[in-house]
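Observations on chain architecture
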Amino acid sequence: MALEWMKDPGSQTAQGNGDAPALDGPPSNRPGVVAAAVYQNGRRVRDIEIEEAGEWRNRENVVVWIGLHEPDKQLLRQVQRQFDLHDLAIEDAGKAHQRPKLEIYGDAIFVVARTAHMVEDEIAFGETHLFVGRGYVVSVRHGASTSYMAVRQRCESSPAALAHGENYILYSILDFIVDNYMPVVETIHGEVEELEDRLLRSRLDKAHIERLYLMRRNLLKLRNAVVPLVDVCRRHEHLELPGMDAAMQPLFRDVTDHVRRVQEDIDALREVLAFTFEASLMIGQSEQTEISRKLASWAAILAVPTAIAGIYGMNFEDMPELHFRYGYFIVLAVIIGLCATLYRLFRRARWL
């Protein structure tokens, strides 16, 4: 649809006067700017500089999509001036560690979402702040997160869907964030199953117990990132949000279902880890109890000869059977008989 702009005499006049950006300008290479492009009716028109964004956003069927990564305050203020963004939203976007939320500022919305992906054996968390209003979407990434270039390419490959403008871009980013939760959950699920199998074969050692605790802590952090996003996505199913398109409601409902499924999987994994930890403790206690029973059984058996030998070891001259010729053998026979009887009793009780 870029040809329509070129055929528009008004646009050509403006460009000739220098009041509007040229259609073939180079993309920005400014630090902090990942991408900045203009789309009309779902098709990419051109890459732009941040200073040009405000001029494009007011055109018919045009949406400006800007992607930033850990921008400085100067860049955020410049973006704020182009789209008249609220001061509080800009202040939040400049700081990481925000709680997932959705806030409305006039005719624009501000969304905070937590991202997560696996780095070796640990979950790396990041944040994405989204400014969405009529004719523009600005995404601000902080910390560890996957680039949204794949989202941009997927949207550009479907102009009919991208023609829905900022609502579809917002949906695509949220859907991408939620989809990236699944590999994290699946990785932890595989490790949990491995711990369960190991627990059935042998008792968990200290290293495995520590890993189990770390997984529960990471799942709690992931749950804290996912659960608030359920409410954020659910609110997009309703039309009271500024500029919400009714045609987009089923898509946001689908994202909400995915987030809830991730939440259920996380809760299930946390329960399994809790049961695994409890089972490990119970197995350890059972082994200790078994060892205590064996020690008590052998102590009772050994107490018999100890008691008899202690009695006959006293220095008394007048003791029964002390001078009997076969007294020694009788005492040995009594000791062996009593010990054998106790051994059979303990074996029958399964203490030995």
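Note that the coordinates shown come from a computational prediction; the quantities given were computed from them, not determined experimentally.

In this structure, L174, Y181, L222 and L229 are the most contacted members of the largest nonpolar core, which totals 54 residues. It is helix α8 (residues 166-201) that provides the largest number of residues to this core, a total of 17 residues. Not counting chain neighbours up to four residues away, the residues in contact with Y181 comprise R114, T115, A116, L222, A225, V226, L229 and V262. Within the second largest apolar cluster, 28 residues are counted, among which are A53, L68, L76 and A108.

The pairing of strand β4 (residues 101-105) with strand β5 (residues 108-119) spans five bridges and is classified as antiparallel. When the sheet's bridge partners are listed, K101 is paired in β5 with V112.

Turning next to the sheet that holds strand β7 (residues 136-143). Strand order in the open sheet formed by seven strands is β2-β1-β3-β7-β6-β5-β4, with mixed pairing between adjacent strands. Single-partner strands in this sheet number two, and they are β2 (43-47) and β4. On average, each strand axis in the sheet is tilted by 20° relative to the strand beside it, whichever way the strands run. Direction of pairing for strand β6 (residues 122-133) relative to β7: antiparallel, over a ladder of eight bridges.

Quick look at the pattern of salt bridges now. In total, this model carries 11 salt bridges according to the counting rule given. In this structure, K101 engages D92 in a salt bridge whose closest nitrogen and oxygen atoms are separated by 3.0 Å. Since its relative accessible area comes to 15%, D92 is described here as buried. Put simply, E191 and R211 hold a salt bridge, and the shortest N to O gap is 2.6 Å. Of this pair, E191 sits in helix α8 while R211 sits in helix α9 (residues 206-235); the two residues are 20 residues apart in sequence, bridging distant segments of the chain.

The subject of this paragraph is empty space enclosed by the protein. Taken as a whole and judged by the stated rule, the model has three cavities of 30 Å³ or more. One number sums up the size of the largest cavity: a volume of about 90 Å³. Lining the largest cavity, in full, are V34, A35, W65, G67, L68, S139, R141, Y148, M149 and R152. Among the elements of the structure, β1 (33-40), β3 (62-69), β7 and α6 (149-156) are those that each provide at least two residues to the lining of the largest cavity. Considering each element in turn, the lining of the largest cavity owes the most residues, three residues, to β3.

Turning our eyes to something else, we now look at the environment of D175. One can find D175 in helix α8. Each C-alpha atom, one on D175 and one on D254, is 8.7 Å from the other, the two residues being 79 residues apart in sequence. When near neighbours in sequence (up to four residues on either side) are disregarded, D175 contacts R154, V255 and H258.

Interaxial distance between α9 and helix α10 (residues 249-312) falls to 9 Å at its minimum, and their mutual angle equals 155°. As the angle between them shows, α9 and α10 are arranged roughly antiparallel. With respect to the hand of their crossing, α9 and α10 are arranged in left-handed fashion. Of the residues assigned to the contact of α9 with α10, the class counts are 20 nonpolar, four polar and six charged.

So, how was this worked out
- Residues numbered from 1 in each chain as written.
- Predicted model: local features only at pLDDT ≥ 70, side-chain atom pairs only at ≥ 80, totals over all residues.
- Heavy atoms only, no water.
- Core = buried A, V, L, I, M, F, W, Y, C linked by side-chain atoms within 4.5 Å.
- Buried < 20%, exposed > 50% of the residue type's maximum accessible area, 1.4 Å probe, protein only.
- Helix = DSSP H or I, 4+ residues; strand = E, 2+ residues; numbered from the N terminus.
- Contact = heavy atoms within 4.5 Å.
- Pairing = 2+ DSSP bridges.
- Axes fitted to C-alpha atoms, helices over the stretch in contact; angles between N-to-C directions.
- Salt bridge = Lys/Arg side-chain N within 4 Å of Asp/Glu carboxyl O.
- 1 Å grid on protein atoms, 1.4 Å probe; cavity = no way out; pocket = protein on both sides within 12 Å on 5 of 7 lines; lining within 4 Å.
- Points joined across faces, edges and corners; volume = space filled by probe spheres on them.
- Parallel < 35°, antiparallel > 145°, perpendicular 65-115°, else oblique.
- Left-handed = near helix turned anticlockwise from the far one by under 90°.
- Nonpolar A, V, L, I, M, F, W, Y, C, P; charged D, E, K, R; others polar.

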